[in-house]
Amino acid sequence: MKICNVIADLHKDILFCAKNFIKKSDLFFEYFADIYKKGKKMAQYVAKIIILGSGPAGYTAAIYAARAGLNPCLISGFDVGGQLTMSANIENFPGFPLGISGAELMEKMRQQAINMGVTIINDKINEVDLLSSPFILSSENGNCFKTQSLIISTGASAKWLNYEAHKKYIGHGLSTCATCDGFFYKNKVVAVVGGGNSAAEEALYLTNFAAKVVLIHRRGELRADKVLQQRLFENPKVEFQWNNVIDEILGEKNVSAVVLKNVLTDEKKKLDVDGVFLAIGYKPNTDIFKKYLTCDVDGFIITKPNSTQTNIEGVFAAGDVKNSAYQQAVVAAGSGAMAAMEAQRYLSNTTQK
Ligand code: NAP
């Protein structure tokens, strides 16, 4: 009762989480009324298992952990649902014979996690201490979390080309998300950069709006799945600029053209476009963990073979944040399930010791 009075003036979402935590016998919510940081009240949470990220890996891990009776807490990050929310139509996630939009799929996973009793907190972790026991996590909203085990499923973010030189065009014709911005290019000419599945999907999606879509690829063949390649080749709105890269983006305030450079001949030419969509891969969201966890040269977390276990006991990595040749939603969901099962085993072993 006392605790409830203390928390009554907290922000609505923290209050919601607090109520959920209090209900659960092995998860404690502590609020220190006398702790103020920069004039802001801080909440401190203690959990058996915390999951970072709200993509398919995070939600699946949370669902499995909840079913194992671990009362998981999932910290969603501020881009709830992750990269998949930007996919207009997902045709290869089993169970949806007519395909499903990424946003809808992620909303269904979120709802399923809530139904299982997962506590979801809309916050973003910006600092971790993985050498302490329990692990300590600090958030952008000024909260502090302590946990016995941690599942990192923070995913990856779209890469930019020459970010410093091009950043003035972001929101003015330069984008990494056709689903978000494609609508603004009705009857216009747009360029898509890249040769993978993302580039193919973005280009095909943009043909719904644009008069012409020019696919710029640095090689002479695509790496996208054959079915997507075929759709691109058959679409009369799609043109290709093979063996070319963007040397420069032009435009006063908004993008008006790009300078292409042929990588075989070094020949340059100007191409008038109204928008440029980059689809050149992803960079893992691992900056805050690199101090503690073994990562590959690109920053993806390395886990033990056939496992989600990182080099720190009790810390697991699942989904696109870990190095894997299979960056697919269904694989991410599978590795989320693995991480929860491995965390459960870890927790029961440490409790028995
Ligand atoms: P990706 O497969 O790594 O492809 C990136 C593309 O960008 C490649 O064609 C690459 O060229 C090109 N590229 C990279 N850096 C570049 C640069 N600096 N300048 C110009 N071009 C550059 O990335 P993705 O397409 O985002 O896909 C990531 C993962 O998600 C993949 O495993 C993919 O299969 C998966 N995915 C799956 C689906 C689906 O199944 N529906 C949809 C989207 C993504 P090169 O080919 O020469 O290396």
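An account of the accompanying structure is given in this report. Since the structure is predicted, the reported quantities are computational estimates derived from the model, not experimental observations.

Here we look at the overall build of the protein chain
Here is step 1: Looking only at helices and strands, one finds 9 helices and 18 strands in the protein chain.
Here is step 2: Within the protein chain, contacts between residues separated by at least 24 positions form 59% of all contacts whose residues are at least 6 apart in sequence.

Looking at the pairing of strand β15 (residues 268–272)
Here is step 1: Among the 5 residues of β15, 0 are classified as buried, and the element is accordingly described as predominantly exposed.
Here is step 2: Taken together, the 5 bridges between strand β14 (residues 257–262) and β15 define a ladder with antiparallel strand orientation. Bridging from a neighbouring strand, Val-258 pairs with Leu-271 of β15.

Topic: the site of the ligand
Here is step 1: Residues in contact with the ligand amount to 20 residues; listed here are only the nearest, Gly-194, Gly-195, Gly-196, Ser-198 and Gly-281.
Here is step 2: With 4 residues, the single largest contributor to the shell around the ligand is helix α7 (residues 197–206).
Here is step 3: Across the shell around the ligand, the residue classes tally to 7 nonpolar, 9 polar and 4 charged.
Here is step 4: Here the shell around the ligand gathers at least three residues from each of two domains, domain 1 (2–156 + 283–352) and domain 2 (163–278).

What about the pairing of strand β6 (residues 135–139)?
Here is step 1: Looking at chain direction, strand β5 (residues 125–129) and β6 are connected through 4 bridges and run antiparallel. What sits directly across from Ile-125, in β6, is Ser-139.
Here is step 2: As consecutive antiparallel partners, β5 and β6 are separated by 5 residues.
Here is step 3: With 4 bridges joining them, β6 and strand β7 (residues 144–152) adopt antiparallel strand pairing. Each residue of the ladder has a partner; that of Ile-136, found in β7, is Lys-146.
Here is step 4: Taking the residues that link successive antiparallel strands as the turn, the β6-β7 hairpin has 4 residues, and the phi of Gly-142 there is positive, at about 85°.

A short note on the sheet that holds strand β12 (residues 238–241)
Here is step 1: Strand order across the open sheet formed by 5 strands is β9-β16-β10-β11-β12, with parallel pairing between neighbours. The sheet terminates laterally at β9 (174–175) and β12, the two strands that pair on one side only.
Here is step 2: Of the pairings in the sheet, the one linking β9 to strand β16 (residues 275–278) comprises 2 bridges and is parallel in character. For Ser-175, the partnering residue across the bridge sits in β16 and is Phe-277.
Here is step 3: With respect to the sheet, α7 is in contact with β10 (189–193), β11 (212–216), β12 and β16, its orientation differing from that of β10 by roughly 170°.

Reading guide: rules and limits
- Residues numbered from 1 in each chain as written.
- Predicted model: local features only at pLDDT ≥ 70, side-chain atom pairs only at ≥ 80, totals over all residues.
- Helix = DSSP H or I, 4+ residues; strand = E, 2+ residues; numbered from the N terminus.
- Contact = placed C-beta atoms within 7 Å.
- Buried ≥ 20, exposed ≤ 12 C-beta atoms within 10 Å, placed from the backbone.
- Pairing = 2+ DSSP bridges.
- Near = placed C-beta within 6 Å.
- Nonpolar A, V, L, I, M, F, W, Y, C, P; charged D, E, K, R; others polar.
- Domains from an automatic or database assignment.
- Axes fitted to C-alpha atoms, helices over the stretch in contact; angles between N-to-C directions.

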